[in-house]
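Below are the chains, spelled out letter by letter.
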Amino acid sequence: MKVEPIRDKQVIRECMEYLKCKDEKYYVMFCIGIFTALRISDITNLKVRDVYCRNRISIKQKKTKKYIDIPINNELKKILKDYCKDKPGHWYLIKSRVGHNKPVTTTMCYKVLKEMADYLNIDRVGCHTMRKTGAYHMYKQSKNNIGTVMKILGHKDPSITLMYIGITTEDVDNTVRKLKYW
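Calculation rules
Residues numbered from 1 in each chain as written. Predicted model: local features only at pLDDT ≥ 70, side-chain atom pairs only at ≥ 80, totals over all residues. Heavy atoms only, no water. Helix = DSSP H or I, 4+ residues; strand = E, 2+ residues; numbered from the N terminus. Buried < 20%, exposed > 50% of the residue type's maximum accessible area, 1.4 Å probe, protein only. Contact = heavy atoms within 4.5 Å. Areas by Shrake-Rupley, 256 points an atom, 1.4 Å probe, with all protein chains shown as cover. Lys, Arg positive; Asp, Glu negative; His and termini not counted. Charge placed at Lys NZ, Arg CZ, Asp CG, Glu CD. Polar contact = N/O pair within 3.5 Å; in protein donor to acceptor, adjacent residues only side chain to side chain. Pairing = 2+ DSSP bridges.

Points about the overall build of the protein chain
Reasoning step 1: A count of helices and strands for the protein chain gives ten helices and two strands.
Reasoning step 2: Reading the helices (α) and strands (β) of the protein chain from amino to carboxyl end gives α-α-α-α-β-β-α-α-α-α-α-α.
Reasoning step 3: Each principal axis of the C-alpha distribution contributes one length, and for the protein chain these read about 60 × 35 × 30 Å.
Reasoning step 4: Relative to its 182 residues, the protein chain shows a buried fraction of 45%.
Reasoning step 5: Long-range contacts, defined here as pairs at least 24 residues apart, represent 58% of the contacts in the protein chain between residues at least 6 apart.
Reasoning step 6: For the protein chain, the exposed surface amounts to about 11,000 Å²; the carbon and sulfur share of it is 52%.
Reasoning step 7: Each charge class in the protein chain was averaged separately, 37 positive and 19 negative side chains, and the resulting centres sit 7 Å apart.

Below is the structure:
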């Protein structure tokens, strides 16, 4: 199944509300995913000290082994500050209930997101939905600056990024239809 970004901001808010009620750590996971476009494997490896009272997330990506340095915007900073304030710096941010200080598994993250999607009646949701959602909204809010989104995602070709974030034929058609010169 190919997952898609969540394009509707109201649906994103419903996802956040659902996850916050279910378990705050999954709410935080989702927020990090949509505000930074990090992969789930990088989110689950974050420790409290990586994000608490910081302006940036600077990590070595698990998949690519490349170092990235992503700013933490003010909305996410508030969420992280509230969540982290009483947690030791060496704890995993999204900590499993199993074991002393282990990160939650990506399988568990998927299960929680699938439950959320089923409850909210959203199709084509998985862990990568968070990354795609973040990238999609970064693209839209940057007035379609594909270069910036490519850099954030680590892509080398704009066509890959456009396909990745789910820019559809309908989006292209609407853009062409709205084009005016006078």
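Looking at the environment of Thr36
Reasoning step 1: Turning to its location among the elements, Thr36 is positioned in helix α2 (residues 24-36).
Reasoning step 2: Expressed as a C-alpha distance, the spacing of Thr36 and Met138, which sit 102 residues apart in the sequence, is 9.3 Å.
Reasoning step 3: Among all residues touching Thr36, those that are not within four sequence positions of it are Ile57, Ile70, Leu76, Met138 and Ile152.
Reasoning step 4: One polar contact links the side chain of Thr36 to the main-chain carbonyl oxygen of Ile32, over a distance of 2.5 Å.

Describing the pairing of strand β2 (residues 67-71)
Reasoning step 1: On β2, burial follows the alternation: Ile68 and Ile70 on one face are buried, whereas Tyr67, Asp69 and Pro71 on the facing-out side are not.
Reasoning step 2: In this sheet, β2 lies alongside strand β1 (residues 56-60) in antiparallel orientation, the contact comprising five bridges. Bridged to Arg56 within β2 is Pro71.

Without other data, these values stay purely geometric and don't point to any function.
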